Amino acid sequence: MTRVHNFNAGPAALPLSVLEEAREELLEFAGSGMSIMEHSHRGKVYDAVHEEALSLLRELLAVPADYDILLLQGGASQQFAVVPMNLLLPGQSADYVNTGAWSKKAISEAKKYAKVNIVASGEASNFLAIPPQSEWTLDPDAAYVHYTPNETISGVEFHWVPETGDVPLVADMSSTILSRPIDVSKFGLIYAGAQKNIGPAGLVIVIVREDLIGQALPITPSIWDYKIQADADSMSNTPPTYTWYLAGLVFKWLKAKGGLEAMAEINKRKADKLYAAIDNSGGFYRSPVEPSARSWMNVPFLLPSGELEKPFLEQAKQAGLVTLAGHRSVGGLRASIYNAMPEEGVDRLVEFMQDFARRYG
Ligand code: PMP
């Protein structure tokens, strides 16, 4: 078996030790005579897995007691609709910050349910910088303010949390959750698809302040009503049990690595190394993103010409470094370096980039 270094943006690499543990337990879980994926979600065996993963996530993110954690079938795109269905009161509008592709998708979906105000846009910078909060036109009566802390495609990340006063702040943290500590109390609601820093695809996590739920629009499907799911411990319908089991293994792995403080240090170091390789390449590589908004998780970069992309990708693959193509909508190259990408993978990529630049520069 040859495991490669997988730089995909999502579904993304999982920690090797997690996959090994899952393989070990695949046929029989905890002496129960069957796989955990064959257990009833209402049985004792699965219940212990469910609760342990929930409490580990609460511990890792230091989620305050007055927040519910929901784990639901689906992904972040589904929450683009579910958030307005749950948080809007009749007659209210919602504020959205547009920093790129995923913000735009959230906005167009929300418009089906809500009056949406775009309170800031990165358009002037071609979405390669974050508009400073001093330029935002927030509405103090909005139901919530929605933003995307990390734009996965363009690699633009907030390294600060917006101040929205009494208006709940809603964040699509799909591609940055668990990469560093956050102060959950600054948010009304956080959601994240699993397939980057949590586990396999098919699961979405919602962390929501209790007082914000319970007034969903009448059209809201019951399984998407946060209050119904919170009261049912996320089991109003069958939760994605095997995905949640794997997420629990990832949470244990994170805890053993020293939790989110330790991850933040490692992630910052990995990102710094990669940006340094780009910036110190004598202009061979180029990062299009404004330096203060450079993402720790998704690092897009450009070569001197588009023609060099094919040999770069082919030779990188030969070196065991895969899925480095940029998103199909923007082209170029992109290295996604989530928690499960070991520092050694980044070191190998940097060595490869230096060698490639020597040969083609
Ligand atoms: N938001 C962000 C920031 C993302 O990166 C993605 C997926 N790459 C999505 C939303 C959509 O996620 P899903 O495909 O799980 O709906």
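One can find the structure itself at the top, above this paragraph.
Scope of this entry: the structure provided in the associated data block. Bear in mind the structure is a predicted one, so any value in this text is a computation, not a measurement.

Topic: the side chain of D68
Relative to the assigned elements, D68 resides in strand β2 (residues 67-73). The side chain of D68 sits in the buried core without any salt bridge; R58 is the nearest counter-charge, 5.3 Å away. Setting aside its immediate chain neighbours within four residues, D68 contacts R58, V206, I207, V208, E210, I213 and A230.

Some remarks on the site of the ligand
What surrounds the ligand is the set G75, A76, S77, F80, W102, N150, T152, D172, S174, S175, Q195 and K196. Within the backbone of A76, a nitrogen or oxygen atom sits 3.4 Å from an oxygen atom of the ligand. Here K196 contributes a side-chain N or O atom positioned 2.9 Å from a nitrogen atom of the ligand. Computed on the free molecule, the ligand has an accessible area of 400 Å², of which 83% lies beneath the protein chains in the complex. Element by element, the count of residues in the shell around the ligand is highest for helix α3 (residues 76-87), at three residues. Broken down by class, the residue content of the shell around the ligand amounts to three nonpolar, seven polar and two charged.

As for the pairing of strand β11 (residues 298-301)
Neither face of β11 is left uncovered, since the one carrying N298 and P300 and the one carrying V299 and F301 both have all their residues buried. Bridging between β11 and strand β13 (residues 333-336) involves four bridges; their strand directions are antiparallel. By the bridge assignment for β13, P300 is matched with R334.

Details of helix α9 (residues 343-360)
With 18 residues, α9 extends 26 Å between its outermost C-alpha atoms, agreeing within 8% with the 26 Å of an ideal straight helix rising 1.5 Å per residue. All buried positions along α9 are accounted for by E343, G345, V346, L349, V350, F352, M353, F356 and A357. Among the structural elements, β1 (5-6), α7 (259-279), β11, α8 (309-318), β12 (321-322) and β13 are those in contact with the buried residues of α9.

Brief notes about the packing of α8 against α9
For the pair α8 and α9, the least separation of the axes is 11 Å and the interaxial angle reads 135°. Accordingly, the angle class assigned to the pair α8 and α9 is oblique. Taken as a pair, α8 and α9 cross one another with a handedness that is right-handed. For the pair α8 and α9, contact is made by P311, F312, Q315 and A316 and by F352, M353, F356, R359 and Y360, respectively. Per-class residue counts for the contact of α8 with α9 are seven nonpolar, one polar and one charged.

Section: the sheet that holds β2
Taken in spatial order, the seven strands of this open sheet run β2-β10-β9-β8-β5-β3-β4, and their pairing is mixed. Unpaired on one side and paired on the other, β2 and β4 (115-121) mark the two borders of the sheet. Direction aside, neighbouring strands of the sheet carry axes that sit 20° apart on average. Inspection of the sheet shows strand β8 (residues 169-172) paired to strand β9 (residues 189-193) by three bridges, in the parallel sense. Residue V170 lies in a different strand from β9, and its bridge partner there is L189. Those strands touched by helix α4 (residues 101-110) are β3 (93-98), β4 and β5 (145-147), and its axis lies near 160° from that of β3.

Structural notes on the environment of K273
Mapped onto the secondary structure, K273 falls in helix α7. Setting aside residues up to four positions removed in sequence, K273 forms contacts with E343, V346, D347 and V350.

Here we look at the environment of N86
Along the chain, N86 falls in helix α3. Owing to a relative accessible area of 2%, N86 belongs among the buried residues under this scheme. A sequence separation of 260 residues divides N86 from V346, and the C-alpha atoms of the two residues are 40 Å apart. Only 3.0 Å separates the side chain of N86 from the backbone oxygen of V82, close enough to count as a polar contact.

Rules used throughout
- Residues numbered from 1 in each chain as written.
- Predicted model: local features only at pLDDT ≥ 70, side-chain atom pairs only at ≥ 80, totals over all residues.
- Heavy atoms only, no water.
- Helix = DSSP H or I, 4+ residues; strand = E, 2+ residues; numbered from the N terminus.
- Buried < 20%, exposed > 50% of the residue type's maximum accessible area, 1.4 Å probe, protein only.
- Lys, Arg positive; Asp, Glu negative; His and termini not counted.
- Salt bridge = Lys/Arg side-chain N within 4 Å of Asp/Glu carboxyl O.
- Contact = heavy atoms within 4.5 Å.
- Near = heavy atom within 4 Å.
- Polar contact = N/O pair within 3.5 Å; in protein donor to acceptor, adjacent residues only side chain to side chain.
- Areas by Shrake-Rupley, 256 points an atom, 1.4 Å probe, with all protein chains shown as cover.
- Nonpolar A, V, L, I, M, F, W, Y, C, P; charged D, E, K, R; others polar.
- Pairing = 2+ DSSP bridges.
- Expected span 1.5 Å × (residues − 1).
- Axes fitted to C-alpha atoms, helices over the stretch in contact; angles between N-to-C directions.
- Parallel < 35°, antiparallel > 145°, perpendicular 65-115°, else oblique.
- Left-handed = near helix turned anticlockwise from the far one by under 90°.

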